[in-house]
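Secondary and tertiary structure notes
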Amino acid sequence: MTSPQSLLFNPATYDPRHFDAETQRLLKATIAFFEGKGKAQLLAEDREAVWTAEFLEFVKKEKLFATFLTPAAYADGDENKRWDTARNAALSEIFGFYGLAYWYAEQVTILGLGPIWQSANEEAKRKAAADLDAGEVMAFALSEREHGADIYNTDLVLTPVEPGSADAEAGILYRASGEKYYIGNGNVASMVSVFSRRADVEGPDGYIWFAADSRHENYHLVESVIHGQMYVSHFRLEDYPVRAADILHEGPEAFSAALNTVNVGKFNLCSGGIGMVEHAFYEAITHADNRILYGNQVTEFTHVRRNFVDAYARMVAMKLFSDRAVDYFRSASLEDRRYLLFNPMTKSKVTSEGEVVMTLLLDVMAAKGFEKATYFAQVTRLINHLPRLEGTVHVNVGQILKFMPNYLFDPAEYPEIGTRLDAADDSFFWAQGPARGASKVRFADWTVPYAAAAAESADVATFFEQAQALRTLLATAAPDAAQQKDLDFMLTLGHLFSLVVYGQLILEQARIIGLDPDVRDAIFDFQIRDFNAQATALLGKSSSTRAQRDWAVSVLRTPASDPARFDRVWAQVQSHNGAYAMRP
């Protein structure tokens, strides 16, 4: 989590004292495991696509996934086991810092657990808890080669067995046949949550989630569809026996279980991405600040400093938004579903910002950024995966648009939500209810944190003007019926809206932690510029009306010019030179 003293994760100084003793121990043990392997070995295993077996042995030995991913109701008296989003985010950031493959092994285990923990099948839940305790991992089999993650279509079919047959006598209800594609951990998972449909029932009433075992003789592993440490499997079931003990969800409930699982799982994309860019940043600043080019220190060039300050501000913003989103996640209920907006924001906006950060840093690192001896090269190769997992950015921005009218125009009263670092079990994740009603979710008045900060900051005030102007656009020149059907047009509006939501949580977290005003203003410097970019995109749409184009021109703003502030933020950036380097 962020603090005024240390805005970036640094393994050399990391002190998770805000967590309980066992969480602290496990987080530090995880860091020690990776630092013990050393940079050369980690990078070599990545290059050679070595399966993460050693890591999974560490997970088993320390009961890491068992402790972090078992809800308290199935902890069998172990007070350290719970589903705690705050500490899960911290662990995810550490995994990202050392390698996407390690993050991915946990990520797909989380997804695989989603349909299980949400189900009413007590036997399956007890088995999952026991398997985690034994060091097993899970998988989430939704995607297919032809359909992708299209929940409405699946060719994995369950055929009911004949009454009175040997199968029926053995307690088998169905035989499952079909293929799944893009399934992480599909090579080793003890429980693979499989989305399917009954052969004899049409439509949503025929949907079924069931648990399969990758070690079963009727489970055929075809291959990993990528080259890398992550095992992204293609597998085939041939007459796989499905018993009552295997069935997790049936009918429309299965559809909701799929969406609600993704709600839980996609959040980890942001924290994994944050860890990746932080490690890359340490390498970049240490390299550039010690390199002489054309007789000058590389960081003496103005454009280099600008890139670093922008990258640093964007990284801090990623952390501020994600940390604050944790509070809303942990405080969610059927009466407060604001997390349904902040969730796709962490997935689409935060991970996309990770790509922006890496482009800024790569423009400084240049050829050095591709060297095999750098972690930077791995991040450069993999950072673009995150915005494209658990639904593309476009899909998630489309979800975000559903919340725009109520968010901007119809605020509601909510109790104040504080920082949630308490050792509580986030049980609501497994009781989210039906996956519908997004357009009815209401939000607290977003203008309040903006107004407070605008009184202190010229850049926040300028962005607040732009944000309020978005309301004016929707009130006076809203998309017409044809534009509302034009996803390309609507996505631009979605990106404008996302910037407003992004700024709200950033300001809330900045106030909570006492963020340096210079860093806050550097963040809203790029927020203004990003709003300008999206307004210009709207201006360039051939489908935009004259009123919409006039609006786009009218909202363009210039951030405040403050060289002294820039220099102070640059000094913060430069202080990271040599602050962390992984053991060779």
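So, here is what we can say about the structure in this document. All of these numbers come straight from a predicted model, not from anything done at the bench.

1. A short note on the overall build of the protein chain
Per the secondary structure count, the protein chain includes 22 helices and 10 strands. Since a compact globule built from 584 residues should have a radius of gyration of about 25 Å, the 24 Å found for the protein chain is in line with a globular shape. Out of the 584 residues belonging to the protein chain, those deemed buried represent 59%. Summarising the internal contacts of the protein chain: among those between residues at least 6 apart in sequence, 79% fall at separations of at least 24. About 22400 Å² of surface is accessible on the protein chain, with carbon and sulfur atoms providing 52% of the total. Once the 56 positive and 76 negative side-chain charges of the protein chain are each reduced to a mean point, those two points are 3 Å apart.

2. Here we look at the packing of aromatic side chains
Throughout the structure, instances matching the rule amount to 51 aromatic pairs. Considering the side-chain rings of Phe9 and Tyr14, the 5.0 Å spacing of their centres and the 75 degrees angle between planes classify their relative orientation as edge-to-face. On the numbers, 5.1 Å between centres and 70 degrees between planes, the contact of Phe33 with Phe34 is edge-to-face. Judged by relative accessible area, which is 0%, Phe34 ranks as buried.

3. A look at the nonpolar core
Core analysis: the largest hydrophobic core is formed by 175 residues, its most contacted members being Phe55, Phe308 and Ile523. With 16 residues, the single largest contributor to this core is helix α11 (residues 302-330). Judged by nonpolar contacts, the second largest core, of 19 residues, contains Ala141, Leu158, Ile208 and Phe210.

4. Examining the side chain of Thr154
Inspection of the secondary structure assignment puts Thr154 in the loop between β1 (138-141) and β2 (157-160). Looking at Thr154, the relative accessible area reads 3%, which means it is buried. A distance of 2.4 Å separates polar atoms of two side chains, one belonging to Thr154 and the other to Glu144. Separated by 3.4 Å, the side chains of Thr154 and Lys180 make a polar contact. Residues contacting Thr154, with those up to four places away along its chain left out, are Glu144, His147, Lys180, Phe195, Ser196 and Arg197.

5. Quick look at the pairing of strand β3 (residues 172-184)
Relative to β3, β2 runs antiparallel, the two being bridged by 4 bridges. In the sheet register, Leu158 faces β3, and the bridge partner there is Ala176.

6. A short note on helix α3 (residues 53-62)
The periodicity of an α-helix, 3.6 residues per turn, causes residues three or four positions apart to be oriented the same way. Buried residues of α3: Phe55, Leu56, Phe58, Val59 and Glu62, and no others. Viewed end-on, α3 has its buried residues packed into an arc of 150 degrees, placing them on one side of the element. Among the structural elements, α1 (21-37), α4 (64-69), α5 (85-98) and α6 (100-118) are those in contact with the buried residues of α3. Where α3 ends, the next residue or the one after it, Lys63, has phi of about 50 degrees, a positive value.

7. Re the packing of helix α17 (residues 458-476) against helix α20 (residues 517-539)
Relative to each other, α17 and α20 sit at 30 degrees, their axes nearing to 8 Å. Between α17 and α20, the interaxial angle falls into the category roughly parallel. Crossing of α17 over α20 shows left-handed handedness. Two secondary-structure elements touch here, α17 through Asp459, Val460, Thr462, Phe463, Gln466 and Leu473 and α20 through Arg520, Asp521, Phe524, Asp525, Gln527, Ile528, Phe531, Asn532 and Leu538. Of the residues belonging to the contact of α17 with α20, the class tally is 7 nonpolar, 4 polar and 4 charged.

8. Looking at the environment of Tyr231
By secondary structure assignment, the location of Tyr231 is in the loop between β6 (219-224) and β7 (232-243). Along the backbone, Tyr231 and Arg546 are 315 residues apart, and their C-alpha atoms lie at a distance of 51 Å. The residues contacting Tyr231, other than those within four sequence positions of it, are Trp51, Tyr104, Ile183, Gly184, Asn185, Gly186, Asn187, Leu221, Glu223 and Ser224.

9. Digging into the pattern of salt bridges
A complete count under the given rule lists 46 salt bridges for this structure. The salt bridge partner of Lys37 is Glu54, with a shortest N-O separation of 2.6 Å. With a gap of 17 residues between them, Lys37 in helix α1 and Glu54 in helix α3 connect regions that are remote in the sequence. On the basis of relative accessible area, Lys37 is assigned to the buried category, the value being 9%.

10. What to know about the side chain of Thr374
By the element assignment, Thr374 lies in the loop between α12 (339-365) and α13 (375-382). Filtering out sequence-adjacent residues up to four positions away, Thr374 remains in contact with Lys39, Leu43, Glu283, Lys368 and Gly369.

11. As for helix α10 (residues 268-288)
Between its first and last C-alpha atoms α10 spans 30 Å; for 21 residues at 1.5 Å apiece the expected length is 30 Å, and the two agree. Most of α10 sits out of view: 20 of its 21 residues are buried.

Definitions and cut-offs
Residues numbered from 1 in each chain as written. Predicted model: local features only at pLDDT ≥ 70, side-chain atom pairs only at ≥ 80, totals over all residues. Heavy atoms only, no water. Helix = DSSP H or I, 4+ residues; strand = E, 2+ residues; numbered from the N terminus. Rg over C-alpha atoms; globule rule 2.2 N^0.38 Å. Buried < 20%, exposed > 50% of the residue type's maximum accessible area, 1.4 Å probe, protein only. Contact = heavy atoms within 4.5 Å. Areas by Shrake-Rupley, 256 points an atom, 1.4 Å probe, with all protein chains shown as cover. Lys, Arg positive; Asp, Glu negative; His and termini not counted. Charge placed at Lys NZ, Arg CZ, Asp CG, Glu CD. Phe/Tyr/Trp six-rings, centres within 6.5 Å; stacked < 30°, edge-to-face > 60°. Core = buried A, V, L, I, M, F, W, Y, C linked by side-chain atoms within 4.5 Å. Polar contact = N/O pair within 3.5 Å; in protein donor to acceptor, adjacent residues only side chain to side chain. Pairing = 2+ DSSP bridges. Arc of directions from axis to C-beta. Axes fitted to C-alpha atoms, helices over the stretch in contact; angles between N-to-C directions. Parallel < 35°, antiparallel > 145°, perpendicular 65-115°, else oblique. Left-handed = near helix turned anticlockwise from the far one by under 90°. Nonpolar A, V, L, I, M, F, W, Y, C, P; charged D, E, K, R; others polar. Salt bridge = Lys/Arg side-chain N within 4 Å of Asp/Glu carboxyl O. Expected span 1.5 Å × (residues − 1).

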